[in-house]
Amino acid sequence: MRVETRARAAGACPRMAAAHGPVATSSPEQNGAVPSEATKKDQNLTRGNWGNQIEFVLTSVGYAVGLGNVWRFPYLCYRNGGGAFMFPYFIMLIFCGIPLFFMELSFGQFASQGCLGVWRISPMFKGVGYGMMVVSTYIGIYYNVVICIAFYYFFSSMTHVLPWAYCNNPWNTADCAGVLDAANLTNGSQSTALSSNLSQLFNYTLHRTSPSEEYWRLYVLKLSDDIGNFGEVRLPLLGCLGVSWVVVFLCLIRGVKSSGKVVYFTATFPYVVLTILFVRGVTLEGAFTGIMYYLTPQWDKILEAKVWGDAASQIFYSLGCAWGGLITMASYNKFHNNCYRDSVIISITNCATSVYAGFVIFSILGFMANHLGVDVSRVADHGPGLAFVAYPEALTLLPISPLWSLLFFFMLILLGLGTQFCLLETLVTAIVDEVGNEWILQKKTYVTLGVAVAGFLLGIPLTSQAGIYWLLLMDNYAASFSLVVISCIMCVSIMYIYGHRNYFQDIQMMLGFPPPLFFQICWRFVSPAIIFFILIFTVIQYRPITYNHYQYPGWAVAIGFLMALSSVICIPLYALFQLCRTDGDTLLQRLKNATKPSRDWGPALLEHRTGRYAPTTAPSPEDGFEVQPLHPDKAQIPIVGSNGSSRLQDSRI
């Protein structure tokens, strides 16, 4: 990007020129600006910006495309009617996913603030931002533990024979029956009867445990018998957890300036691996059966409310709405970036990746089912069971299995890191923006380090022998219905408290055009209704959490509900706090004052504060936005302020 010195008009104050110095400029295309916009010098010198728009798009794709696209969507698809599930899935994408994504991107980009600072729009609802921070904290803690397990399997795959291929290891039990063990037994036998009844042998062994399951449960986790029995900390997992946090910290050491470069690899290489695994998978015997099991539509299931509920929930959680990450990433955009275009591109890419990953997963599972002589449903799984048991076992059947295992777990690591970058940056940005002084801006690297160290320490219990119980408890409760509540309140506060007309005018001022009519209708009516439907569906479909055959005790479930409540409770608590500190003679006056935008709400840069945001008095650093020369290529004239001091103002104003 070309760097040039701002032109100074004759008579401009030389001291002011020296203070601002060289400023990076770029073409409208580089800025991602709308076509009608002239070149904007809208670099936010204080907070920083993305190096270019590709970095933002790749980061957002890496954030939205995560582990759930690989280990949750394919399972939901085949369980809810195969190809028929695609219909409600894409309906929910159009009417809920893309509109919410666009709302959060435009919200953060307009104010150039993180998930706390944006609530200058209506200070009473700042608790929504704190709720987002709590949710991101929970997810960031356990998400990195999943990444650390992927690291462990990645390192374990660096061998000639995968350690979960056979049952001849010290940790295996008498119940272990491996696919390769049985195959070797059959090949070595002279009995043709045994060879012809191979499928019966495998049907029998399915009632026993596989070597990959025993490797996962008895060696990697050394799983305890109860969530309260922590046992020992698994040192190999602890070491991998340290590695994953160090990687995340190093990639974020300079904020978006460094992470924006890393995502060129972390956001694109998973697609290379997916394609390699897809090409290998579809060439295997039985792959077509698995893919047909994944895609064959069962149209009668479209009439079931559960299918629509699963589709809405998957869209909502997959895109990362209400986590605070979308607002944070968009806050580093240039003011006139076309976030409407970005939201459509990123949302569709996320959903297309989910569908593509289904082909990769079910082609291999179909091959495994064909090898075992059983139905695909007998080997299909989701969550950690798919990533660390079912799929690794299927990979043992392939020639050069360690290579495919390395690729698969490297892909999981990159998918996880893309999301983890944004989770950590969300917390760091919220803290830095909230404090907002020059000292913390200069020490942002130390803030990032502090958050990373805290995340590592809080993740240590999840590497114990009971760690997987706690990980699944956090996954099921910490980021479930609380996200739905947060998102619903955010929609209502922006559309009905701040006012939809005000928000539409803000977007027009930022993009050069108002949001399309479709999005206006969705934001005001359709999306909140769908969010409310998801909440009702979540409550109706609630079942106490289990892990395999283990039933969680009541006290553990209570802790789960407390985790979910801890993020939602921020909203009413902060609202009460704001009401108490707001001026007003009556409760109604206080309520009005607490919900109206603060005086520093609006664009961060002075040159963008036009129309109703135009300053009527001399700006000061305490106003909360960055002061930069307005149109420095035009003549500037000194005027005298009310306190007798002179200042420069654009002659056009």
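Owing to the predicted nature of the structure, the values given are computational and were not obtained by experimental measurement.

**Q** For this particular structure, what's the right way to read unusual backbone geometry?
**A** Residues apart from glycine generally show negative phi values, whereas peptide bonds are mostly found in trans. Within the chain, lysine 222 stands out as a residue other than glycine whose phi angle is a positive 45°. Classification of lysine 222 by relative accessible area gives partly exposed; the value is 34%. The phi dihedral of asparagine 548 is positive, around 55°, even though this residue is not glycine. Here asparagine 548 lies in the loop between strand E3 (546-547) and strand E4 (550-551). Looking at asparagine 548, the relative accessible area reads 56%, which means it is exposed.

**Q** Would you explain the UniProt feature "binding site: Na(+)" (unreviewed entry) in the protein chain in this entry?
**A** UniProt's feature table lists "binding site: Na(+)" (unreviewed entry) at Gly62, Ala64, Val65, Asn69, Ser318, Asn350 and Leu415, given in the numbering used throughout. Of the residues just listed, which span 354 residues, no C-alpha pair is farther apart than 12.5 Å, and they cluster in one region. Note on placement: valine 65 falls in the loop between helix H3 (53-64) and helix H4 (67-71). The residue serine 318 is located in helix H16 (residues 305-318) in this model. When neighbours within four sequence positions are excluded, serine 318 is seen to be in contact with Ala64, Asn69 and Asn350.

**Q** What am I meant to see in the pattern of salt bridges here?
**A** Any two side chains of opposite charge can pair if their charged atoms end up close together. Evaluated as defined, the whole model comprises 10 salt bridges. Among the ionic pairs, lysine 222 bridges to glutamate 232, the shortest N-O distance being 4.0 Å. In this pair, lysine 222 sits in the loop between helix H11 (211-220) and helix H12 (235-251) while glutamate 232 sits in the loop between H11 and H12, placing the two residues 10 residues apart along the sequence. Residue classification places glutamate 232 among the partly exposed residues on the basis of a relative accessible area of 38%. Between lysine 306 and aspartate 310 there is a salt bridge, with the nearest N and O atoms lying 3.0 Å from each other. You can see lysine 306 and its partner aspartate 310 sitting in helix H16, four residues apart, about one turn around the helix. Relative accessible area serves as the criterion here: at 6%, aspartate 310 is assigned to the buried category. Each member of the salt-bridge network shares a partner with another, and the members are Arg79, Lys306 and Asp310.

**Q** Just to check I follow, could you spell out the state of the cysteines for this structure?
**A** A covalent bond between the sulfur atoms of two cysteines is what we call a disulfide. What the rule picks out here adds up to one disulfide. The disulfide that involves cysteine 167 links it to cysteine 176, with 1.9 Å between the sulfurs. Its torsion about the S-S bond being -70°, the disulfide of cysteine 167 and cysteine 176 is classed as left-handed. Judged on exposure class, the residue cysteine 167 and its partner cysteine 176 are both buried. Sulfur of cysteine 491: no disulfide; nearest cysteine sulfur belongs to cysteine 488 and is 6.8 Å away.

**Q** Hey, could you run me through helix H14 (residues 269-282) in this one?
**A** Side chains three or four residues apart in an α-helix point the same way, a direct result of the helix having 3.6 residues per turn. Over its 14 residues, H14 runs 20 Å from end to end, which matches the ideal 20 Å to within 8%, given 1.5 Å per residue. Buried within H14 are the following residues: Pro270, Val273, Leu274, Leu277 and Gly281. Buried residues in H14, looked at end-on, bunch into an arc of 100°, giving them a common side.

**Q** Teacher, can you tell me more about the nonpolar core here?
**A** Within soluble globular proteins, side chains that are nonpolar tend to cluster in buried spots. If you look at the biggest cluster of nonpolar residues, it comprises 187 residues, and the most contacted ones within it are Phe107, Tyr153 and Tyr552. At 19 residues, the largest contribution of residues to this core is made by helix H7 (residues 126-156). If we skip the residues at most four places from it in the chain, tyrosine 153 touches Trp164, Tyr215, Trp216, Val220, Phe388 and Phe409.

**Q** Sorry if this is basic, but what is going on with the packing of aromatic side chains here?
**A** For any two aromatic rings, the description comes down to two numbers: the centre-to-centre distance and the angle of the planes. Applying the stated rule across the entire model yields 65 aromatic pairs. Seen from the ring of tyrosine 332, arginine 47 lies directly overhead, with NZ or CZ sitting 4.4 Å from the centre.

**Q** Teacher, can you tell me more about the packing of H3 against helix H18 (residues 339-372) here?
**A** How two helices pack is summed up by the angle between their axes together with the distance between the axes. Running from amino to carboxyl end, H3 crosses H18 at an angle of 40°, the nearest separation of the two axes being 9 Å. Pair H3 / H18 crosses with right-handed handedness. Contacts between H3 and H18 involve Gln53, Phe56, Val57, Ser60, Val61 and Ala64 from the first element and Arg341, Asp342, Ile346, Thr349 and Asn350 from the second. Among the residues making up the contact of H3 with H18, the classes are represented as five nonpolar, four polar and two charged.

**Q** Honestly, the packing of helix H6 (residues 86-111) against helix H25 (residues 517-540) in this entry has me stumped. Any pointers?
**A** With their axes 9 Å apart at the nearest point, H6 and H25 run at an angle of 110° to one another. Between H6 and H25, the angle falls in the class roughly perpendicular. Classified by chirality, the crossing of H25 by H6 is left-handed. Across the interface between the two elements, Met92, Ile94, Phe95, Cys96, Ile98, Pro99, Leu100, Phe102, Met103 and Ser106 from H6 touch Phe518, Phe519, Cys522, Trp523, Val526, Ser527, Ile530, Ile531 and Phe533 from H25. Among the residues making up the contact of H6 with H25, the classes are represented as 17 nonpolar, two polar and no charged.

**Q** I'm lost on the environment of tyrosine 542 in this one. Help?
**A** With respect to the element layout, tyrosine 542 can be found in the loop between H25 and E3. For tyrosine 542, the contacting residues outside a window of four places in its chain are Tyr477, Val557 and Phe561. A distance of 2.8 Å separates polar atoms of two side chains, one belonging to tyrosine 542 and the other to tyrosine 477.

**Q** Please clarify how the environment of tyrosine 89 should be interpreted in this entry.
**A** If you trace the backbone, tyrosine 89 turns up in helix H6. Considered as a pair, tyrosine 89 and cysteine 77 are 12 residues apart in the sequence and their alpha carbons are 9.2 Å apart.

**Q** Looking at this structure, I do not really get the environment of methionine 92. What am I missing?
**A** Inspection of the secondary structure assignment puts methionine 92 in helix H6. The class of methionine 92 is buried, set by a relative accessible area of 7%. Considering only alpha carbons, one finds methionine 92 and serine 527, 435 residues apart in sequence, at a separation of 9.2 Å. When sequence neighbours within four positions are dropped, the list of residues in contact with methionine 92 reads Gly97, Trp308, Ala311, Ala312, Ile315, Ile530 and Phe533.

How each quantity is defined
Residues numbered from 1 in each chain as written. Predicted model: local features only at pLDDT ≥ 70, side-chain atom pairs only at ≥ 80, totals over all residues. Heavy atoms only, no water. Buried < 20%, exposed > 50% of the residue type's maximum accessible area, 1.4 Å probe, protein only. Helix = DSSP H or I, 4+ residues; strand = E, 2+ residues; numbered from the N terminus. UniProt positions renumbered as here; feature names shortened; annotations may be inferred. Contact = heavy atoms within 4.5 Å. Salt bridge = Lys/Arg side-chain N within 4 Å of Asp/Glu carboxyl O. Disulfide = S-S within 2.5 Å. Expected span 1.5 Å × (residues − 1). Arc of directions from axis to C-beta. Core = buried A, V, L, I, M, F, W, Y, C linked by side-chain atoms within 4.5 Å. Phe/Tyr/Trp six-rings, centres within 6.5 Å; stacked < 30°, edge-to-face > 60°. Lys NZ or Arg CZ within 6 Å of the ring centre and 35° of its normal. Axes fitted to C-alpha atoms, helices over the stretch in contact; angles between N-to-C directions. Left-handed = near helix turned anticlockwise from the far one by under 90°. Nonpolar A, V, L, I, M, F, W, Y, C, P; charged D, E, K, R; others polar. Parallel < 35°, antiparallel > 145°, perpendicular 65-115°, else oblique. Polar contact = N/O pair within 3.5 Å; in protein donor to acceptor, adjacent residues only side chain to side chain.

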